[in-house]
Amino acid sequence: MKALVLNSGLGHRMGVLTSEHPKCMTEITSRDTILSRQLRLIADAGIREVVMTTGYYNEILVNYCRSLDLPLHFTFVNNPLYDKTNYIYSIYCAKDELYGDDIVLMHGDLVFEEEVFARVLESEESCMTVSSTLALPEKDFKAVIHNGRIDKVGIEFFTDVMAAQPLYKLRADDFKVWLDEMVRFCESDNRRCYAENAFNEVSDKCKIIPLDFADALCAEIDTPEDLSVVSAKVHELEQRSVYMCFSADMLHSGHIAIIKKAAKLGKLTIGVLSDEAVASYKRFPLMPYEERKSIFENISGVCAVVEQKELSYAENLHRLRPDFVVHGDDWKTGFQKPIRDEVVEILAEYGGKLVEYKYSDDPKYLELEKASRAQMSTPDFRRSRLKKLIGMKGCVSALEAHSGITGLICENTKVLRDGKTYQFDAMWISSLCDSTAKGKPDIELVDMTSRFRTIDDIMEVTTKPIIFDGDTGGLTEHFVYTVRSLERMGVSMVIIEDKTGLKKNSLFGTEVAQTQDSIENFCAKISAGKAAQKTPEFMICARIESLILEMGMDDALTRAFAYVKAGADAIMIHSRKKDPAEIFEFVERFRKEDKTTPIVVVPTSFNSVTEDEFKACGVNVVIYANQLTRSGFPAMQNVARTILENRRAKEADDMCMSIKDIITLIPEE
Ligand code: SPV
Ligand code: MG
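Everything in this summary refers to the structure shown in the same document. Counting restarts for each chain: residues are numbered from 1 in the order of the written sequence. All chains are assigned letters beginning at A, and all ligands numbers beginning at 1, according to the order in which they are written. Totals for whole chains, interfaces and linings use every residue, but because this is a predicted model, local features are given only for residues with pLDDT of at least 70 and side-chain atom pairs only at 80 or more, for both listing and counting. In computing side-chain properties, one takes all heavy atoms of the structure into account and sets aside hydrogens as well as water.

### Here's the deal with the overall build of the protein chain
Each helix is a run of H or I in the DSSP string that is no shorter than four residues. Each strand is a run of E no shorter than two, and both are numbered from the N terminus. Helix and strand content of the protein chain: 24 helices and 28 strands. Atoms counted for the radius of gyration: C-alpha only. Globule rule: 2.2 Å times residue count to the power 0.38. In summary, the protein chain has a C-alpha radius of gyration of 36 Å against a globular reference of 26 Å for 669 residues, an excess of more than 25%. If you line up the protein chain on its principal axes, its C-alpha atoms span 110 × 65 × 45 Å. Each residue's exposure class comes from its accessible area (1.4 Å probe, protein chains only) as a fraction of the maximum for that residue type: buried when under 20%, exposed when over 50%, partly exposed otherwise. Evaluated residue by residue, the protein chain yields a buried proportion of 53% over its 669 residues. Residue contacts follow a heavy-atom distance rule, with two residues in contact if any of their heavy atoms lie within 4.5 Å. In the protein chain, the share of contacts with a sequence separation of at least 24, taken over all contacts with a separation of at least 6, comes to 74%. Of the roughly 30700 Å² of accessible surface on the protein chain, 52% is carried by carbon and sulfur atoms. In the protein chain, 83 side chains carry a positive charge and 105 a negative one; their mean positions are 3 Å apart. Per-residue accessibility takes into account occlusion by the displayed protein chains alone, with areas from the Shrake-Rupley method and a 1.4 Å probe. Within this scheme the basic residues Lys and Arg register as positive and the acidic residues Asp and Glu register as negative, but His and the chain ends are omitted. All charge positions are set by atom: Lys at NZ, Arg at CZ, Asp at CG, Glu at CD.

### Some remarks on the sheet that holds strand S21 (residues 466–469)
The pairing criterion for strands is at least two bridges between them, as found by DSSP. In spatial order, the strands read S17-S20-S21-S22-S25-S26-S27-S28; together these eight strands close into a barrel with parallel pairing. Direction aside, the axes of adjacent strands within the sheet are offset by 25° on average. Note that strand S22 (residues 493–497) and strand S25 (residues 539–544) share five bridges and pair parallel. Bridge pairing links Glu497 to Arg543 in S25. Against the sheet, helix H19 (residues 519–532) touches S22 and S25, its axis set at about 170° to S25. To obtain each axis, a line is fitted to C-alpha atoms, and for helices this fit is confined to the stretch in contact; angles are then taken between N-to-C directions over 0 to 180 degrees.

### Side note on the sheet that holds strand S13 (residues 267–273)
Backbone-to-backbone hydrogen bonds join strands into a sheet, with any given pair of strands oriented parallel or antiparallel. Spatially, the five strands line up as an open sheet ordered S14-S13-S12-S15-S16, and their pairing is parallel. Each edge of the sheet is formed by a strand with only one pairing partner; in this case those strands are strand S14 (302–308) and strand S16 (353–357). In this sheet, adjacent strand axes meet at a mean angle of 25° when their direction is disregarded. Lying over the sheet, helix H8 (residues 253–263) contacts strand S12 (241–246), S13, S14, strand S15 (324–328) and S16, oriented at roughly 160° with respect to S12.

### What to know about the site of ligand 1
Proximity criterion: a residue is near a molecule or strand once any of its heavy atoms comes within 4 Å of it. What surrounds ligand 1 is the set Trp428, Ser430, Ser431, Leu432, Asp469, Asn505, Ser506, Leu507, Arg543, His574 and Ala625. For this analysis, a polar contact is any N or O atom pair within 3.5 Å, provided that within protein one partner can donate a hydrogen and the other can accept it, and provided that sequence-adjacent residues contribute only side-chain to side-chain pairs. The separation between an oxygen atom of ligand 1 and a polar side-chain atom of Ser431 is 3.0 Å. One of the side-chain nitrogen or oxygen atoms of Asp469 is found 2.8 Å away from an oxygen atom of ligand 1. Its free accessible area being 280 Å², ligand 1 has 99% of it covered by the protein chains. Residues belonging to the shell around ligand 1 are distributed by class as follows: four nonpolar, five polar and two charged. Throughout this entry, Asp, Glu, Lys and Arg are counted as charged residues, while Ala, Val, Leu, Ile, Met, Phe, Trp, Tyr, Cys and Pro are counted as nonpolar. The remaining residues, Gly among them, count as polar.

### As for a nonpolar patch on the surface
Here, patches come from residues exposed beyond 30% relative accessible area and free of salt bridges, joined within 9 Å for like charges and within 5 Å for nonpolar side chains (Val, Leu, Ile, Met, Phe, Trp, Tyr). In what follows, salt bridge is the name for a side-chain nitrogen of Lys or Arg lying within 4 Å of a carboxyl oxygen of Asp or Glu. Taken together, the side chains of Ile405, Ile409, Met657, Ile659, Ile662, Ile663, Leu665 and Ile666 define a hydrophobic patch exposed on the protein surface, amounting to about 750 Å² of accessible area. Per element, the largest residue contribution to the nonpolar patch is three residues, and it comes from helix H24 (residues 659–664). Turning to its location among the elements, Ile405 is positioned in helix H15 (residues 404–412). By relative accessible area, which is 38% here, Ile405 ends up partly exposed.

### Description of the side chain of Asp517
Mapping Asp517 onto the fold places it in the loop between strand S24 (515–516) and H19. Within polar-contact distance, the side chain of Asp517 engages the side chain of Asn521 at 3.3 Å. With sequence-adjacent residues up to four places away left out, Asp517 is seen in contact with Asp498, Lys499, Thr500, Phe522 and Arg559.

### Some points on the coordination of the magnesium ion (ligand 2)
Bound to the magnesium ion (ligand 2) on the protein side are Ser431 (OG) and Asp469 (OD), at distances that span 2.0 to 2.1 Å. Residue Ser431 is found in helix H16 (residues 431–437), and its partner Asp469 is found in strand S21; the two are separated by 38 residues along the sequence. As far as burial versus exposure is concerned, Ser431 and Asp469 are alike and both buried. For Na, K and Ca the donor cutoff is 3.2 Å, while for all other metals N, O and S atoms count as donors only within 2.8 Å; water does not appear among the atoms, so some sites may look incomplete.

### A word on the pairing of S22
Most of S22 is tucked away, with five of its five residues classed as buried. Both faces of S22 are covered, namely the face carrying Met493, Ile495 and Glu497 and the face carrying Val494 and Ile496.

### Observations concerning helix H20 (residues 553–565)
A helix is expected to span 1.5 Å multiplied by its residue count minus one. A rise of 1.5 Å per residue sets the reference length of H20, with its 13 residues, at 18 Å; its end C-alpha atoms lie 18 Å apart and thus fit the reference within 8%. What H20 keeps buried is the set Met553, Ala556, Leu557, Arg559, Ala560 and Tyr563. Along H20, the residues classed as buried sweep out an arc of 165° about the axis, all on the same side. Residues of H20 that are buried sit in contact with S24, H19, S25, strand S26 (570–573) and helix H21 (581–593). Looking one or two residues beyond H20, the residue adopting positive phi is Gly567, at roughly 120°. The directions from the helix axis to the C-beta atoms form the arc being described.

### Here we look at the environment of Met1
With respect to the secondary-structure elements, Met1 resides in the segment before strand S1 (2–7). It is 7.2 Å that separates the C-alpha atoms of Met1 and Val104, two residues lying 103 residues apart in sequence. Excluding residues that lie within four positions of it along the chain, Met1 makes contacts with Ile47, Glu49, Asp102, Ile103, Val104, Leu121 and Lys169.

### Structural notes on the nonpolar core
In a soluble, globular protein the nonpolar side chains are often hidden away together inside. Take the buried Ala, Val, Leu, Ile, Met, Phe, Trp, Tyr and Cys residues and link them wherever side-chain atoms come within 4.5 Å; each set so joined is a nonpolar core. Grouped together as the largest cluster of nonpolar side chains are 49 residues, with contacts concentrated most on Ile455, Leu486, Ile573 and Phe586. For this core, the leading source of residues is H20, giving five residues. When neighbours within four sequence positions are excluded, Ile573 is seen to be in contact with Ile544, Leu547, Ala556, Ile583, Phe586, Ile599, Val600 and Val601. Counting residues in each nonpolar core, the second largest holds 36 residues, with Ile103, Ile150, Phe185 and Ala198 among its members.

### Digging into the packing of H20 against H21
Close contact between H20 and H21 brings their axes to 10 Å; oriented N to C, the two are set at 45°. It follows that H20 is oblique to H21 by the angle criterion. Between H20 and H21 the crossing geometry is right-handed. Residue-level inspection shows Met553, Asp554, Ala556, Leu557, Ala560, Phe561 and Val564 of H20 in contact with H21, the latter providing Glu582, Glu585, Phe586, Arg589, Phe590 and Glu593. Its residues assigned to classes, the contact of H20 with H21 comprises eight nonpolar, no polar and five charged. When describing relative orientation, an angle under 35 degrees is termed roughly parallel and one over 145 degrees roughly antiparallel, while 65 to 115 degrees is termed roughly perpendicular and anything else oblique. Crossings are sorted by hand: turned counterclockwise from the far helix by less than a right angle, the near helix makes the crossing left-handed, and turned clockwise it makes it right-handed.

### Description of helix H23 (residues 627–646)
Under the 1.5 Å per step criterion, the end-to-end length of H23 is 29 Å for 20 residues, consistent within 8% with the ideal 28 Å. Within the sequence span of H23, burial applies to Leu628, Thr629, Val639 and Thr642. For H23, the elements touching its buried residues are strand S17 (396–400), H15 and H16. Looking one or two places after H23, you find Arg647, whose phi comes out positive at around 55°.

Here it is, written out as structure tokens:
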């Protein structure tokens, strides 16, 4: 595309302002003349070729353009009859430079907003800028519009018209029709009229659509009064502020394109979501906040980068009060809608505006997201994530999964509450639920090979970190192999409990015979596991059964410190009491001496405590150990019974997911 800038005119209505240079060189701000601003916008839009018609002060103009040092190639075409002809003849003089290219045509005294220019350039059809809101000018251009296209342009029309400005984008084929007609006009000595007179003759063959800039700035400067109005508006535009928020740790051309557009609206501040906010709403960030921040700081057009701590924009909007918030239109529905609604509400409080651009669903961006998900599910990446999440969030949550589908529920379930999103951070592969799914008791009967198969099924369809219930860990000689296998698979943490002999589920408590291992033996098992592991991030968590087996708080604490000394990366304290008092007491007493070793709890019985309460007292991992099994199983039993009772499935239908939903539940890759 070439830009055609018409600068042959005399500009005599500007008085002394144009006594030493052409009108386009009039200053509109302290840093810009009309022309330097136009040329900067042209260069910023990626246009490289400029054809400029000149007239009086030809040399001054040429030297000035070159002095601006913009990445533009100029072809200057002097209209030798500039004082006797109109710009139709200037274009005629430049015609050899113009055939065959798409052209963006502007008068040299036109000042327009960057956003208006961007819209003109984006138009797929040839277009001319018009305003549906400005009053009709007496002596300036108006465009007659019929059926969505421009029929005539001139100062003499007053019916079916809108105020129009000489800023056009012209497709090569449309411009050829118009240019041919300009040539015909000029060669039959019709050189003192507007170029638009020629257009009016061929408008049926040259389709130009109106592009409505409404109240945005797009105005010619003809007089000193125009100059002061336009300068004030440009000044105001330069003060405008724009806010956008990004989580992206993987920037692609789509993001850059929207940043460039946003920067055209004013000074752009980017809010970068905190690691915690990204992890809560999307997935674990591939890059930490500081790195993401520095990437945005180095993108041209970005004036400032600030942290956005939550998904909600509220805090930053109240503080920054930007004139515009820019976002893709994808948040109008779905999960982000409440966030959008809040933004709209806050902007309305102070008169800010939401600008939404069409969301790009280009498959290449989906491919990139898929690639990063694939990366996250690789063993090394997945394994290391639990430790990082604990470090980042302080307290993480895990939900039980025992199959691919329950893994997907852990992976994909999200809720939005009070401007925050919540999702599970990790998955717990419970011995109880894995055994139950296989119809077997929770007594270490399901062998490791089979347990690994469950891990594999879940890993195949998810990306979140996995905490594995390793029961007693078995014989130390066996445990070291288990550790290495789990590491290889990408499991993040194994929890082994300090019991020996025939293990029964802890929730039986002392109702069944269970033997607690000696501190010495269990420490040896932990140390052997730690010595066997190959990667630094894999965690071995020692689970203390003293409270379950009613051995007392002191025993629990003695064991906890001994296990940490033996190398345990975390400890789990278990209880089957409804009252969380003993858990809180343990955590408090443990934390007095050990501020850092992560503490894990499984609040199946003491389920009244919230994650925030656990976090506040020093717990780092909260495991919901069996809820999916306990909810799925009775629902299935109920349906089975209902079918039997009715000797048909009709009555059970309302208890079931629809066929359509079940067959589309898991999309094919
Ligand atoms: C499991 O989920 O298998 C556990 C936790 O070990 S508990 O059932 O509470 O013992
Ligand atoms: Mg278990």
